[in-house]
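Summary of the model geometry
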Amino acid sequence: MRVMTAAADWQLDHPSTHPPYGWTQAAFYTGMMALAGVADSPKYFDAMKAMGEKNQWRPGPRPGHADDYAVVATYAKIYQRDRDRTMLSPSLALFNFLATRKYDEPLLWGGGIESRELAWCDALFMGPPAMAAVTVATGDGKYLDLASRLWWKTTEYLYDKD
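Our subject in this report is the structure included herewith. (Residues numbered from 1 in each chain as written. Predicted model: local features only at pLDDT ≥ 70, side-chain atom pairs only at ≥ 80, totals over all residues. Heavy atoms only, no water.)

Once that is clear, we can look at the pattern of salt bridges. The tally for this structure, following the rule as stated, stands at 8 salt bridges. D9 serves as the salt-bridge partner of K43, at 3.0 Å between the closest nitrogen and oxygen. In this pair, K43 sits in helix α3 (residues 43–54) while D9 sits in helix α1 (residues 2–13), placing the two residues 34 residues apart along the sequence. (Salt bridge = Lys/Arg side-chain N within 4 Å of Asp/Glu carboxyl O. Helix = DSSP H or I, 4+ residues; strand = E, 2+ residues; numbered from the N terminus.)

This is the structure:
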């Protein structure tokens, strides 16, 4: 616990220069939320809530790019405690839009497919877990259904059966 809090405190005191909604930050937020669940202090949860407020609870600006979804998992966990719908409204709008798309393009790299589909392995860390977290937070299974659909399409494309 001492090492985890020292690392978290250092990172909070030396914030990253990456965009606060981006995947690199979201990976840190995942760890902070885990720490917040076991720490004696509300400091770590409060830091994540302040981040969400600063971001106005928005995912990143690219609606078809999974890099900008990962932060939503943190918003969903904060929502589970505070139950303030404004925390999830922008994310629900995005995921509701994504759920209406056909996803019928081949995932061949090129032509900007990464801005429309989860066409690379890292996207599996960023998109489906955020969608699953929103299902847990809201009880609405359509986000988990979307996550599953995109997960298996990407897995089928990337997995070398030989």
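So, next bit.
Given two aromatic rings, their pairing is described by the distance between the two centres and the angle made by the two planes. Using the criterion set out here, one finds 5 aromatic pairs in the structure. For the pair W57 and Y75, a centre-to-centre distance of 5.3 Å together with 75° between the ring planes defines the contact as edge-to-face. One end of the pair, W57, is in the loop between α3 and α4 (71–82); the other, Y75, is in helix α4, and 18 residues separate them in sequence. For W57, a relative accessible area of 7% puts it in the buried group. When the ring of F95 is compared with that of Y143, the centres are 6.4 Å apart and the planes differ by 45°; the resulting orientation is tilted. Of the two residues, F95 sits in helix α5 (residues 89–99) while Y143 sits in helix α7 (residues 142–158), which places them 48 residues apart along the sequence. A single burial state applies to F95 and to Y143, both of which are buried. Through pairs of rings, three or more aromatic residues link up here, namely Y69, F95 and Y143. (Phe/Tyr/Trp six-rings, centres within 6.5 Å; stacked < 30°, edge-to-face > 60°. Buried < 20%, exposed > 50% of the residue type's maximum accessible area, 1.4 Å probe, protein only.)

Compared with an ideal rise of 1.5 Å per residue, which puts 12 residues at 16 Å, α3 spans 16 Å between its outermost C-alpha atoms and is within 8% of the ideal. Every buried residue belonging to α3 is among Y44, F45, A47, M48, M51 and G52, and all of these are buried. Taken around the axis of α3, the buried residues stretch over an arc of 160°, which confines them to a single face. Buried residues belonging to α3 abut α1, α2 (23–36) and α4. Count one or two residues on from α3 and you reach Q56, which has phi positive near 55°. (Expected span 1.5 Å × (residues − 1). Arc of directions from axis to C-beta. Contact = heavy atoms within 4.5 Å.)

Another aspect to go through is the packing of α3 against α4. Taken N-terminus to C-terminus, the directions of α3 and α4 make an angle of 115°; their axes are 10 Å apart at the nearest point. Judged by the inter-axis angle, α3 sits roughly perpendicular to α4. Where α3 crosses over α4, the handedness of that crossing is left-handed. Residues F45, M48, K49, M51 and G52 of α3 form the contact with α4, whose participating residues are V71, T74, Y75, I78, R81 and D82. Partitioning the contact of α3 with α4 into residue classes produces 6 nonpolar, 2 polar and 3 charged. (Axes fitted to C-alpha atoms, helices over the stretch in contact; angles between N-to-C directions. Parallel < 35°, antiparallel > 145°, perpendicular 65-115°, else oblique. Left-handed = near helix turned anticlockwise from the far one by under 90°. Nonpolar A, V, L, I, M, F, W, Y, C, P; charged D, E, K, R; others polar.)

This part takes up the side chain of Q25. Residue placement: Q25 occurs in helix α2. Polar side-chain contacts of Q25 include one of 3.3 Å to the backbone oxygen of H18. Q25 has contacts with S16, H18, P19 and P20, leaving out every residue within four places of it along the chain. (Polar contact = N/O pair within 3.5 Å; in protein donor to acceptor, adjacent residues only side chain to side chain.)

Nothing here speaks to function; it is all geometry.
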